[in-house]
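Inside the fold
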Amino acid sequence: MIPIENFLVLSAILFSLGMYGVLARRSAILIIMSVELMLQAVSINFIAFAVFLYPDQFRGLIFAIFVITIAAAEVGLALAIVLRLFRNRATANVDEVDILKW
Amino acid sequence: MGEVWLIPAIPAAAFVALLLFGKYLPRRGDWLAIGAIAASFVIFFPVLIDLLDNLDQPDFTGGGRAWEWVSLDAFNIQLGFHVDQLTIVMLAVVSFVALMVQVYSVAYMRGDPRYGWYFAMMSFFAAAMLTLVLADNLLLLYVAWEGVGFGSYILIGFWHERRSAAEAAKKAFITTRIGDVGLLIGIILLWREAGTFDISEIFEFAEGGGYSAEYLTLAVLLLFAGAVGKSAQFPLHVWLPDAMEGPTPVSALIHAATMVVAGIYLVARMLPLFELADPVALSVVTAIGLTTVMMSVTMGLTATDIKRVIAYSTLNSLGLMMVALGSGSVTAAMLYLFAHAFFKALLFLSAGSIIHATERQDLTELGGLSSKMPVTSVVFGIGALSMAGIFPLAGFWAKDEILNVSGDNQNWVVYVFMMLSVFITALYMTRLFVRTFTGRPRNHHAQEHAHDAEPMMTVPLLLLAALTLVGGFVAFGSVGEALGFPGGFGEFVFLEEAEAFHFPWDVAILSTLIAIGGIAAGVYFWSGEAAPARRAAQSLRPVYRTLANNYYLDDAYQWVINHVVLAGGAVIGWFDRNVVNDTAVDGSAGLGVFAGFGMKFLETGKLPNYALAISLGVIVISIVFLVVSV
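To start, this report covers the structure provided alongside it. (Residues numbered from 1 in each chain as written. Chains lettered and ligands numbered in written order. Predicted model: local features only at pLDDT ≥ 70, side-chain atom pairs only at ≥ 80, totals over all residues.)

Points about the overall build of chain A
Applicable threshold: Helical segments are the DSSP runs of H or I of at least four residues, strand segments are the runs of E of at least two, and each set is numbered from the N terminus. For the radius of gyration, the atom set is restricted to C-alpha positions; the globular benchmark scales as 2.2 Å times the number of residues to the power 0.38. With C-beta atoms placed from the backbone, a residue is labelled by how many other C-beta atoms lie within 10 Å of its own: buried for 20 or more, exposed for 12 or fewer, partly exposed between the two.
When you go through chain A residue by residue, the secondary structure sums to three helices and zero strands. Secondary structure elements of chain A, listed N to C terminal, follow the sequence α-α-α. In terms of overall size, chain A is more extended than a compact globule, its C-alpha atoms giving a radius of gyration of 17 Å where 102 residues would be expected to give roughly 13 Å. Taken along the three principal axes of its C-alpha coordinates, chain A extends 50 × 25 × 25 Å. Residues counted as buried form 11% of the 102 residues belonging to chain A.

Next up, the structure:
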């Protein structure tokens, strides 16, 4: 059996990559992709712990499926927003969108 | 007769009606005000007869009903009216003089731009004054007490376009307020121990020994402070001479016959408490009264404004009443009050006629009016002789009663000063009469068209003069019995036991001789060109200046106001402006503005900034959590 540390390290690497993407990228599409990456890192964590702690139970895995579902819905919403943004501003660069500032 | 409450209620209703609809009524509603006070005067008679029928019943209250005003578990306040002999005397005086003055005012105030407002306020004042004398509990009395104070304030400042009138109104209100604070504290002190505001219940409680002697003394002295303010006793007398800025009928009603005697009434009403308290309380009353008498008679010698002289004579009379009360005699004080109301209203209203006719009120511009205004000069003379205490006018009987009382008390200091005051009173009343009505006119221009006033003004004068002539005889037992009373004044109004009228010839003859001496001296000093008076003023220059400047009391008070009150106020004002306002209120508001304005720049609107803030926040919280939990 693969030790749990491997999963955790993988999850941490994926999460950090996602976080870097969210902070460093300027394109809205890429930010959404990075958020997805972070969500999947969390999912991996859930599955790893579920299998590791309660191998004969199902409830940890449910969370992973739940996260995937939510992420899909969220991406739908986020892409719609980005689409409207692009229509209005002709850009998807988040640096240029600051209409909510003071 | 359960309709006592109508007596103050009718003028009160008239006030409300005049206030709301006065503009639309014919003649601006003066007939409504006069009709209301006349109705009160008429209702007074059944109340009087009812009282006379029930004199032998000790717990008769005149059938005044009581209203529940405040009703909490342990705190009930009943408002009600109470009729006894003291109340009856006051009701008679107030309603009759108010009626006379309002009739007189119709002619005196004609053409005034605020004619309707004048009558509305007269009704308000009458309602408050009648409530004051009828109240059966101290709380209602206090409310009415402040009501008459407010009415007085408005009416003194009736011609408030004139700065001196506005200042006088302010001075009167604030000066009496100083005493009123004492009155309120006194009432609260009495209530705190007894748990009731009802006057008769407080008496029962005090007679049962409910108050300790020191406590009661303090309480009655505080009550007396209220009386000192309202009745213009030393050292709060300074407002009354200035209050002459009001219309003359107002001076006659408020500052001679009714409001200023409210203090006398209060002390007379509460006299059982004064007697139960330490004897020092009554001594204070006597001392204050006597001081007022001596100061006012001397100031009356130098004042040149005709109304101010009469105002000083009012102070004189009020002081005499206080001396009577300090000697423990309600009878003497109330008899004087009764007589004084008529002859002092008469003096003021005749002075009003003079002012109306000549538009002058300074003695240096009057003189020789007796040929032009014969009726006025006769009634004024009657009033002045009554004030001086000449037989057989009302003032004679009343003043002798007070002299008797102070003589009976064997207090010779008081007695000697009283006799001295009789002399000076006669002196300055003679001066007033001589300088106004005899000699040659000093200002011909002003007197060209002077003549006796129209009947609307002279009829009240004649009625008051008639009462001044005969009013004093109520002191006689046979006169009282003929009118249906149990006897003379002393057997009707008394504190503990009825006293039959007694007339010690020695006192009467002595006081009459002194008064006649005063009149003779007055004629010598002031008749013609008043050369002896001028010489006296020259040779006694410092005395004259002191008197003419009212013993410098006004200057002393002004100094205190400037250097203590206003200086203290400046410190408090500085604290208020700089600490309370600028630092606390504006400061906290400014902090909010600054914080909001400064912080808003954190809202950049840029997604990466928010993301970074969230990430850093999570990292910081995680580190903190790790550190704390380990």
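More follows now that the structure is in view.
With respect to the overall build of chain B
Applicable threshold: Residues are scored as being in contact if the C-beta atoms we place from backbone atoms lie within 7 Å.
Of the regular secondary structure elements, chain B holds 27 helices and two strands. In terms of its C-alpha atoms, chain B occupies a principal-axis envelope of roughly 110 × 65 × 55 Å. Taking all 630 residues of chain B together, 50% fall into the buried category. The contacts of chain B with a sequence gap of at least 6 include a subset with a gap of at least 24, amounting to 78%.

Observations regarding the pairing of strand 2 (residues 76-80) of chain B
All names here are of chain B. Rules: Strand pairing is defined by DSSP finding a minimum of two bridges between the two strands.
Two elements, strand 1 (residues 66-71) and strand 2, share five bridges in a ladder whose sense is antiparallel. From the neighbouring strand, Ala-66 faces strand 2, where its bridge partner is Gly-80. Between the end of strand 1 and the start of strand 2, which pair antiparallel, lie four residues.

Considering the interface of chain A and chain B
Keep this limit in mind: Only Asp, Glu, Lys and Arg are considered charged, only Ala, Val, Leu, Ile, Met, Phe, Trp, Tyr, Cys and Pro nonpolar, and every remaining residue, Gly among them, polar.
At the junction of the two partners, chain A supplies ten residues and chain B supplies eleven residues. Of the residues in the side of chain A that touches chain B, the class split is seven nonpolar, no polar and three charged.

Some points on the environment of Ile-44 of chain A
Residues and elements named next belong to chain A. Inspection of the secondary structure puts Ile-44 in helix 2 (residues 28-53). Judged by C-beta crowding, with 17 C-beta atoms within 10 Å, Ile-44 ranks as partly exposed. Contact partners of Ile-44, with chain neighbours within four places excluded, come to Phe-7, Leu-10, Ser-11 and Leu-14.

As for the nonpolar core
Which entries qualify depends on this criterion: The term nonpolar core means buried Ala, Val, Leu, Ile, Met, Phe, Trp, Tyr and Cys residues held together as one set by C-beta atoms within 7 Å.
Counting 208 residues, the largest nonpolar core has Val-97, Ile-264, Ala-333, Tyr-336 and Ala-345 of chain B as the members making the most contacts within it. Ranked by residues supplied to this core, first place goes to helix 15 (residues 330-358) of chain B with 20 residues. Excluding residues that lie within four positions of it along the chain, Val-97 of chain B makes contacts with Leu-253, Ala-257, Thr-258, Ala-341 and Ala-345 of chain B. Counting residues in hydrophobic clusters, the runner-up holds five residues, among them Val-22, Ile-31, Ile-32 and Val-94 of chain A.

Things to note about helix 2 of chain A
Residues and elements named next belong to chain A. We apply this condition: Expected helix span is taken as 1.5 Å per residue step, with the number of steps being one fewer than the number of residues.
With 26 residues, helix 2 should reach 38 Å at 1.5 Å per residue; the first-to-last C-alpha distance of 38 Å fits that figure. Along helix 2, the residues that are buried comprise Ala-28, Ile-31, Ile-32, Ser-34, Ser-43, Asn-45 and Ala-48. Along its buried surface, helix 2 packs onto helix 1 (4-24) and helix 3 (59-89).

Concerning the environment of Gly-195 of chain B
Along the chain, the position of Gly-195 of chain B falls in the loop between helix 6 (163-194) and helix 7 (199-207). Remark: the alpha-carbon pair of Gly-195 of chain B and Ala-74 of chain B, spanning 121 residues in sequence, is separated by 9.2 Å.

Looking at the packing of helix 1 (residues 6-21) of chain B against helix 4 (residues 115-134) of chain B
All names here are of chain B. The following threshold applies: Orientation is described by lines fitted to C-alpha atoms, with helices fitted over the stretch in contact, and by angles between N-to-C directions that extend from 0 to 180 degrees. When an angle is under 35 degrees it counts as roughly parallel; over 145 it counts as roughly antiparallel; between 65 and 115 it counts as roughly perpendicular; any other value is oblique. Crossing chirality is assigned from the near helix's rotation relative to the far helix, an anticlockwise turn below a right angle marking it left-handed and a clockwise turn marking it right-handed.
Close contact between helix 1 and helix 4 brings their axes to 8 Å; oriented N to C, the two are set at 155°. One finds that helix 1 runs roughly antiparallel with respect to helix 4. Helix 1 and helix 4 meet at a crossing whose hand is left-handed. When helix 1 is examined against helix 4, the residues Ile-7, Pro-8, Pro-11, Ala-12, Ala-14, Phe-15, Leu-18 and Leu-19 are found in contact with a partner set consisting of Gly-116, Phe-119, Ala-120, Ser-123, Phe-124, Ala-126, Ala-127, Leu-130, Thr-131 and Leu-134. Tallied by class, the residues present in the contact of helix 1 with helix 4 amount to 15 nonpolar, three polar and no charged.

Looking at unusual backbone geometry
Residue and element names in this part refer to chain B. Of the consecutive residues Phe-234 and Pro-235, the connecting peptide bond is found in the cis state with omega at 5°. Position of Pro-235 relative to the elements: it lies in the loop between helix 8 (213-230) and helix 9 (239-242). Following Phe-391, the chain continues to Pro-392 via a peptide bond in cis, the omega torsion being 0°. Its place among the elements puts Pro-392 in the loop between helix 16 (374-388) and helix 17 (394-408).

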